[in-house]
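Each chain is listed here by its residues.
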Amino acid sequence: MAKISLGKGINMGLRAAMENDPKVLIMGEDIGKLGGVFRVTEGLQKDFGEDRVIDTPLAESGIIGTAVGLALRGYRPVCEIQFDGFVFPAYDQIINQVAKMHYRSMGKLKMPIVIRIPFGGGIGAVEHHSESPEAQFAHTPGLKVVACSNPVDGYWMIQQAIASDDPVIFLEPKRQYHADKADLDESASPQPLFTSRVVREGADMTLLAYGPMVKTCMASAEAAAGDGVSIEVIDLRTLSPLDLGPVFESVRRTGRLIAVSEAPSESSITSEIAARVQQECFYSLQAPVLRVTGFDTPYPPSRLEEHYLPDLDRVLHVVEQSLGW
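Residues numbered from 1 in each chain as written. Predicted model: local features only at pLDDT ≥ 70, side-chain atom pairs only at ≥ 80, totals over all residues. Heavy atoms only, no water.

Quick word on the overall build of the chain
Part 1: A count of helical and extended segments in the chain gives 12 helices and 14 strands.
Part 2: Against the compact-globule benchmark of 20 Å for 325 residues, the chain has a radius of gyration of 19 Å, which places it among compact chains.
Part 3: Taken over the C-alpha atoms alone, the chain extends approximately 60 × 45 × 40 Å along its principal axes.
Part 4: Relative to its full complement of 325 residues, the chain shows a buried share of 54%.
Part 5: For the chain, long-range pairs separated by at least 24 residues make up 81% of all intrachain contacts whose partners lie at least 6 apart in sequence.
Part 6: Summed over its atoms, the accessible surface of the chain is roughly 14100 Å², and 52% of this surface lies on carbon and sulfur atoms. (Helix = DSSP H or I, 4+ residues; strand = E, 2+ residues; numbered from the N terminus. Rg over C-alpha atoms; globule rule 2.2 N^0.38 Å. Buried < 20%, exposed > 50% of the residue type's maximum accessible area, 1.4 Å probe, protein only. Contact = heavy atoms within 4.5 Å. Areas by Shrake-Rupley, 256 points an atom, 1.4 Å probe, with all protein chains shown as cover.)

In structure tokens, the structure reads:
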């Protein structure tokens, strides 16, 4: 039993995938000798060589375009986008090639590509370093989108994503890379990749989150328990396809749902969840589905980000609104 951080868990998962399959290779900016800006790939180039852990030019479109060619030749490339806001030069390749090649070829060609994207704010970074672009990818048919929230999921989910024959956008909450540690049992059986999970049981209300907001929701549920409110917390884990079965089951018991995300509220993952839950659980709801999100503005300068990001107080305020309905 090892105690690991999220960054270490993903590093170990990448290492395990590379050891198990010589066709797995990693590519990205500064991922080799430096080990990535967050040190997630530290030590991998030294152990696997420059042919399998490739330092690329600063050219995101080129990284993904190269990965398409490699995938067509039977490799399983894992591409690191250094920061979330840097992914947009590669958007053309991701949307028009990676997402559509399997469909375009009537299933004859596969795109087993994983695109790792550190996402979200909370690290005091400059512009283009704290984005939440998940809805843009979840809206694109042909892409799978997942978001890990903890070290153990980081370890298992990156291996499962690499093993998938479908292209996977793999979102990693950057402020959690080295924040918390958890015990990893490598002999355990992991939960399937494209599934959500109840991480705290409760009776009065359901909180739903993914990525960095899972920790915030857990803290909110703990605080609410002090006031006698029992909150169930669900880690969504998969954004496309959505696994809402456990969510529907939970809401039918609790009668209330609050969806929490850092991303802006307009046309977002939380919008889709609110629509689906009100469609499927209408007669069980004791209050409207409410949301706590980032604001519909570009991500602010670092000195203002604490006002932008949903925190415990904002979540608990909406909890009170829901209970008072």
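Here the narrative resumes, following the displayed structure.
What to know about the sheet that holds strand S11 (residues 231-235)
Part 1: Taken together, five strands build an open sheet; the order of strands is S9-S11-S10-S13-S14 and the sheet is mixed. Bordering the open sheet on either side are strand S9 (197-200) and strand S14 (290-294), each of which pairs with just one other strand. The mean inter-strand angle of the sheet, taken between neighbouring strand axes irrespective of direction, is 25 degrees.
Part 2: By the bridge criterion, five bridges tie strand S10 (residues 205-209) to S11 in an arrangement that is parallel. Its bridge partner lying in S11, Leu 207 is registered against Val 233.
Part 3: Running over the sheet, helix H8 (residues 213-225) touches S9, S10, S11 and strand S13 (257-264) and is turned about 170 degrees from S11. (Pairing = 2+ DSSP bridges. Axes fitted to C-alpha atoms, helices over the stretch in contact; angles between N-to-C directions.)

A short note on the sheet that holds strand S6 (residues 144-147)
Part 1: Pairing in this open sheet of seven strands is mixed, and the strands run S3-S2-S4-S5-S7-S6-S12 from one edge to the other. Both outer strands of the open sheet, strand S3 (53-55) and strand S12 (238-240), are each paired with one neighbouring strand and no more. Between one strand and the next, the sheet's axes are offset by a mean angle of 20 degrees, whatever the strand orientation.
Part 2: In terms of strand pairing, strand S2 (residues 24-28) meets S3 through three bridges, oriented parallel. Bridge pairing in S3 links Met 27 to Ile 54.
Part 3: Helix H7 (residues 151-163) contacts S2, strand S4 (76-80), strand S5 (114-119), S6 and strand S7 (168-173) of the sheet and is inclined by roughly 165 degrees relative to S7.

A closer look at the state of the cysteines
Part 1: The final tally for this structure, using the stated rule, is zero disulfides.
Part 2: The thiol sulfur of Cys 217 is not disulfide-bonded, and the nearest other cysteine sulfur, from Cys 148, lies at 16 Å. (Disulfide = S-S within 2.5 Å.)

Brief notes about the pairing of S7
Part 1: Extensive coverage of S7 is indicated by the burial of six of its six residues.
Part 2: Alignment of S6 against S7, held across four bridges, turns out to be parallel. Opposite Val 145, over in S7, you have Ile 169 as the bridge partner.
Part 3: Between the parallel elements S6 and S7, the chain passes through H7 in a crossover that is right-handed. (Right-handed = clockwise from strand over helix to strand, strands pointing away.)

Quick notes on the side chain of Glu 232
Part 1: Relative to the helices and strands, Glu 232 resides in strand S11.
Part 2: For Glu 232, a relative accessible area of 2% gives the class buried.
Part 3: Apart from residues lying up to four places away in sequence, Glu 232 is in contact with Val 198, Arg 200, Glu 201, Gly 202, Met 205, Thr 206, Leu 207, Ser 250 and Arg 253.

What about the packing of helix H3 (residues 60-72) against helix H4 (residues 91-98)?
Part 1: Orientation of H3 relative to H4, taken along the N-to-C sense of each, is 25 degrees, at an axis distance of 8 Å. Our classification of the angle between H3 and H4 gives roughly parallel. Here Ser 61, Ile 64, Gly 65 and Val 68 of H3 lie close against H4, whose contacting residues are Gln 93, Ile 94, Gln 97 and Val 98.
Part 2: Grouping the amino acids of the contact of H3 with H4 by side-chain chemistry returns four nonpolar, four polar and no charged. (Parallel < 35°, antiparallel > 145°, perpendicular 65-115°, else oblique. Nonpolar A, V, L, I, M, F, W, Y, C, P; charged D, E, K, R; others polar.)

Description of the pattern of salt bridges
Part 1: Considering all chains together, one arrives at 15 salt bridges under this definition.
Part 2: Note that Asp 183 and Lys 3 form a salt bridge whose closest N and O atoms lie 3.2 Å from each other. On the criterion of sequence distance, the pair formed by Asp 183 in strand S8 (residues 181-184) and Lys 3 in strand S1 (residues 2-5) is long-range, its members being 180 residues apart.
Part 3: Lys 144 is the partner of Asp 166 in a salt bridge, and the nearest nitrogen-oxygen pair spans 3.1 Å. (Salt bridge = Lys/Arg side-chain N within 4 Å of Asp/Glu carboxyl O.)

Some words on the pairing of S4
Along any regular strand, the residues point their side chains to alternate faces of the sheet.
Part 1: Summarising burial for S4: five of the five residues are buried, a large majority.
Part 2: Of the two faces of S4, both are covered, the one formed by Arg 76, Val 78 and Glu 80 as well as the one formed by Pro 77 and Cys 79.
Part 3: Two strands pair when backbone bridges link them, and S2 and S4 are joined in this way by five bridges, in the parallel orientation. Paired with Met 27 across the strands is Cys 79, a residue of S4.

A few points about the environment of Leu 70
Part 1: Turning to its location among the elements, Leu 70 is positioned in helix H3.
Part 2: In this structure Leu 70 touches Leu 25, Met 27, Tyr 75 and Pro 77, once residues within four positions along its chain are discounted.

So yeah, pure geometry; function would need other evidence.
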